[in-house]
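Report on the structure
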Amino acid sequence: MDTKIGSVDTYKPPCSDMCSPANVAVSALQSSVHPTTFNSPDSTLGRHLARRLVQIGVTDVFTVPGDFNLTLLDHLIAEPGLTNVGCCNELNAGYAADGYARSRGVGACVVTFTVGGLSVLNAIAGAYSENLPVICIVGGPNTNDYGTNRILHHTIGLPDFSQELRCFQTVTCYQAVVNNLEDAHEQIDTAISTALKESKPVYISISCNLAAIPHPTFSREPVPFSLSPKLSNKMGLEAAVEAAAEFLNKAVKPVLVGGPNLRVSKASDAFVELADACGYALAVMPSAKGLVPEHHSHFIGTYWGAVSTAFCAEIVESADAYLFAGPIFNDYSSVGYSLLLKKEKAIIVKPDRVVIANGPSFGCVLMKDFLQALAKRVNRNPTSYENYSRIFVPNGHPLKSEPKEPLRVNVLFQHIQNMLSSQTAVIAETGDSWFNCQKLKLPKGCGYEFQMQYGSIGWSVGATLGYAQAVPEKRVIACIGDGSFQVTAQDISTMMRCGQRTIIFLINNGGYTIEVEIHDGPYNVIKNWNYTGLVDAIHNGEGKCWTTKVFCEEELIEAIETATGPKQDCLCFIEVIVHKDDTSKELLEWGSRVSAANSRPPNPQ
């Protein structure tokens, strides 16, 4: 059945247990929207775009004003269901839309032509890499300037206005340049529907002199359009399930591993359904953390090769069959291409294809359909989980700190672990926080996000802003290194303006630690800031904000008690001072292997 986008009035948020927009749905129902009168303030292009955003579940749009988008912004903020969140720069606006899309299933940002568009480009590229539908809207040139030889400001000084478009063509799945009203409705609807269908960012440029003009195509709501659901080839699905069931049922100790493409395939629930049916040991790849419930009775942790959760790699790599659902094998997730896996033992389930060992490949088979059907055909076999239970040794606890002893990172994360609940979500910045947060055990309903494929340092500040704006009922706990924070610190300001209650742990170890462990040099040392002083200056007595700096466990305990007690309604910024060499063993191992992969000599020609 087609899903009507144009007649939306409700939006189903993702299942909180999965902490991912895997179950995003747009409901088709009779509209209660009254027709607007042509030439009314509601029948303009700008208001039409605003209504479309609200209809697909976007209630906050992240913006940076510029002269080409100002009128458009007027019409967006006139929409009662849409809140304008003004950001400090375009990069953070894009990161915020990324974080928002991770929770809501779709996000949007608005910037100005070229000078804003090229600034947001990096964030849109990151969203593309992570399969996030972000609608990037740009206020474009006046329609009268197209096709002329004029040179415009905010450009590189050439009369060719297509530079920005050409850049976005590589990092978006659809581009719409709206410079006339006749097909504006169709272009906007096609762009939005493509973003949702492909789960990728799209680019919409709207000429600055069009946003306020009424047009008959915008005079009635809804003007429905539909998303035809993707369907599996029935014969291919049956053949794939039969071959996979035969492959797995003859195995002695098979395992399941969830990958990041569970999100784009909307298959997290189906994956859990299979896990419940088969009884195999259940692991996740690092970039899939948060997409699979860690409270599942057969969950064994993160499979990340040599830096896996304790005892997880032993079970996965010794299995005689493994099903990977939605994996992405890159140099980071494979720890410098060092995974001890064999193709002949693997079933790889892609979003629309199933590959079984060295044998057949089945196309036009959707992951969700395949996993649900396989759950009905696979024999229950808990051997791999029993093997895990046999060798498992519970994690030790950090040695008790001496009074006023300098704080250790493992002690810090022991206390962060105790803060987690169904009412929290974790944002992990690129760096050692990847590895330390990976070891956190997520309780039921606890969110978790990080950007592994693109790995852009500084991502977490904007993403935290966007994620927290999307789910105000959750308290976001962000773990950010000092080097990353220096890239995007400004939008702490926007968090305060929005009244967010995030707890930020600024881990100050004096530099780019993750780069140090890959390849050290003087460029990895940064200027130390008075981070709490900076945030206090940004606060400037406006809004609710509390900061503190901790050096030892006693001060950390006191800070957490304050942040979760008297200051629970505030943005809490806790600067944690740790030694520059206090890094996880996982980062040391991972950095060494990635360094080796990066430094391979050229193959002889």
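Summary of the structure given here. Everything numeric in this text was worked out from a predicted model, so none of it was measured.

**A few points about the environment of Gly359**
- With respect to the helices and strands, the residue Gly359 is situated in the loop between β16 (353-356) and β17 (361-363).
- Owing to a relative accessible area of 45%, Gly359 belongs among the partly exposed residues under this scheme.
- A sequence separation of 310 residues divides Gly359 from Leu49, and the C-alpha atoms of the two residues are 48 Å apart.

**A short note on the nonpolar core**
- One finds Phe485, Phe505 and Trp590 to be the most contacted residues of the largest nonpolar core, which totals 98 residues.
- Beyond its immediate chain neighbours, meaning those up to four positions away, Phe485 contacts Val461, Ile480, Ile492, Leu506, Tyr531, Leu534, Val535 and Phe573.
- Counting 40 residues, the second-largest nonpolar core is a separate cluster that includes Leu237, Leu323, Val349 and Val354.

**Focus: the packing of helix α12 (residues 409-419) against helix α19 (residues 553-564)**
- Remark: α12 packs on α19, axes separated minimally by 11 Å, with the N-to-C direction vectors making an angle of 20°. Relative to α19, α12 is oriented roughly parallel. Taken as a pair, α12 and α19 cross one another with a handedness that is right-handed. Of α19, the residues touching α12 (which contributes Val411, Leu412, His415 and Met419) are Glu553, Leu556, Ile557, Ile560 and Thr564.
- Here the residues of the contact of α12 with α19 sort into 6 nonpolar, 2 polar and 1 charged.

**A word on the sheet that holds strand β23 (residues 571-577)**
- Pairing within the open sheet is parallel, and its 6 strands lie in the order β19-β18-β20-β21-β23-β22. The open sheet has two edge strands with one neighbour each: β19 (447-449) and β22 (545-550). Averaged over all neighbouring strand pairs, the angle between strand axes comes to 15°, with direction disregarded.
- In this structure, β22 lies alongside β23, joined through 6 bridges in parallel fashion. Its bridge partner being in β23, Trp546 is matched across the sheet by Cys572.

Parameters at a glance
- Residues numbered from 1 in each chain as written.
- Predicted model: local features only at pLDDT ≥ 70, side-chain atom pairs only at ≥ 80, totals over all residues.
- Heavy atoms only, no water.
- Helix = DSSP H or I, 4+ residues; strand = E, 2+ residues; numbered from the N terminus.
- Buried < 20%, exposed > 50% of the residue type's maximum accessible area, 1.4 Å probe, protein only.
- Core = buried A, V, L, I, M, F, W, Y, C linked by side-chain atoms within 4.5 Å.
- Contact = heavy atoms within 4.5 Å.
- Axes fitted to C-alpha atoms, helices over the stretch in contact; angles between N-to-C directions.
- Parallel < 35°, antiparallel > 145°, perpendicular 65-115°, else oblique.
- Left-handed = near helix turned anticlockwise from the far one by under 90°.
- Nonpolar A, V, L, I, M, F, W, Y, C, P; charged D, E, K, R; others polar.
- Pairing = 2+ DSSP bridges.

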